[in-house]
Amino acid sequence: MIQLTTLLFIGGTEIIFILFIVVLVFGADKLPEIARGLGKGMRQLKDATNDIKHEVTKSAKESNIIDTDAAKDIQKEINTIKDDLEDFTGSVKRKM
């Protein structure tokens, strides 16, 4: 059975149909330029999003909204418990 890829509730046949319409409207020679422009736009959007995240995180750290030390301590505790649990389950698995 062939499984079609779905992207945002759009199946593979719909994507192919949309691409066919795009080729008819813009022509095959314009597609690389359009794809390049879309790629640059997506890259700029990603960079802007990362800049915004960085600025929000930076200002939160400066305002002491985010306590990175507490988060590191919690992560360390989680890892310790995880290791202990793996040691325990490992011995149980070996005995069975």
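This structure is a prediction, so every number in the text was calculated from the model and none was measured. (Residues numbered from 1 in each chain as written. Predicted model: local features only at pLDDT ≥ 70, side-chain atom pairs only at ≥ 80, totals over all residues. Heavy atoms only, no water.)

Q: Describe in detail the overall build of the chain, supporting the description with residues and values.
A: A count of helical and extended segments in the chain gives three helices and zero strands. Each helix (α) and strand (β) of the chain, taken in turn from the N terminus, gives the series α-α-α. For the chain, the residues scored as buried account for 5% of the 96 residues in total. For the chain, the accessible surface area stands at approximately 9100 Å², while carbon and sulfur atoms represent 64% of it. (Helix = DSSP H or I, 4+ residues; strand = E, 2+ residues; numbered from the N terminus. Buried < 20%, exposed > 50% of the residue type's maximum accessible area, 1.4 Å probe, protein only. Areas by Shrake-Rupley, 256 points an atom, 1.4 Å probe, with all protein chains shown as cover.)

Q: So what's going on with the pattern of salt bridges? Which residues, and what values?
A: In a structure, side chains of opposite charge can pair up when their charged atoms sit close to one another. Applying the stated rule across the entire model yields one salt bridge. A salt bridge links R43 to D47; the nearest nitrogen and oxygen atoms lie 3.8 Å apart. Residue R43 and its partner D47 are located together in helix α2 (residues 31–62), separated by four residues, close to a single helical turn. Residue R43 is classed as partly exposed on the basis of its relative accessible area, which comes to 48%. (Salt bridge = Lys/Arg side-chain N within 4 Å of Asp/Glu carboxyl O.)

Q: Requested: an account of helix α1 (residues 12–26), with residues and values cited.
A: Helix length check: α1, at 15 residues, gives a terminal C-alpha distance of 21 Å against a target of 21 Å (1.5 Å per residue), a fit within 8%. With its phi angle positive at about 90°, G27 sits one or two positions after the end of α1. (Expected span 1.5 Å × (residues − 1).)

Q: Break down α2 for me, citing the residues and quoting the values.
A: Compared with the 46 Å implied by 1.5 Å per residue over 32 residues, the 46 Å span of α2 between its first and last C-alpha is a close match. Backbone geometry just after α2 places N64 at a positive phi near 60°.

Q: So what's going on with a negative patch on the surface? Which residues, and what values?
A: On the surface, a cluster of negative charge is made up of D83, D84, E86 and D87. With respect to the helices and strands, the residue D87 is situated in helix α3 (residues 68–95). On the basis of relative accessibility, which here comes to 55%, the residue D87 falls in the exposed class. (Patch = residues over 30% accessible without salt bridge, like charges linked within 9 Å, V, L, I, M, F, W, Y side chains within 5 Å. Lys, Arg positive; Asp, Glu negative; His and termini not counted. Charge placed at Lys NZ, Arg CZ, Asp CG, Glu CD.)

Q: Just give me the short version of the environment of V23, but keep the residues and values in it.
A: For V23, the position within the fold is in helix α1. Setting aside residues no more than four positions away along its own chain, V23 makes contact with A28 and L31. (Contact = heavy atoms within 4.5 Å.)

Q: Tell me about a nonpolar patch on the surface, and please be specific about residues and values.
A: On the surface, a nonpolar cluster with roughly 790 Å² of combined accessible area is contributed by I10, F17, I18, F20, I21, L24, V25 and F26. As for its placement among the helices and strands, L24 is situated in helix α1. Given the relative accessible area of 58%, L24 is considered exposed.

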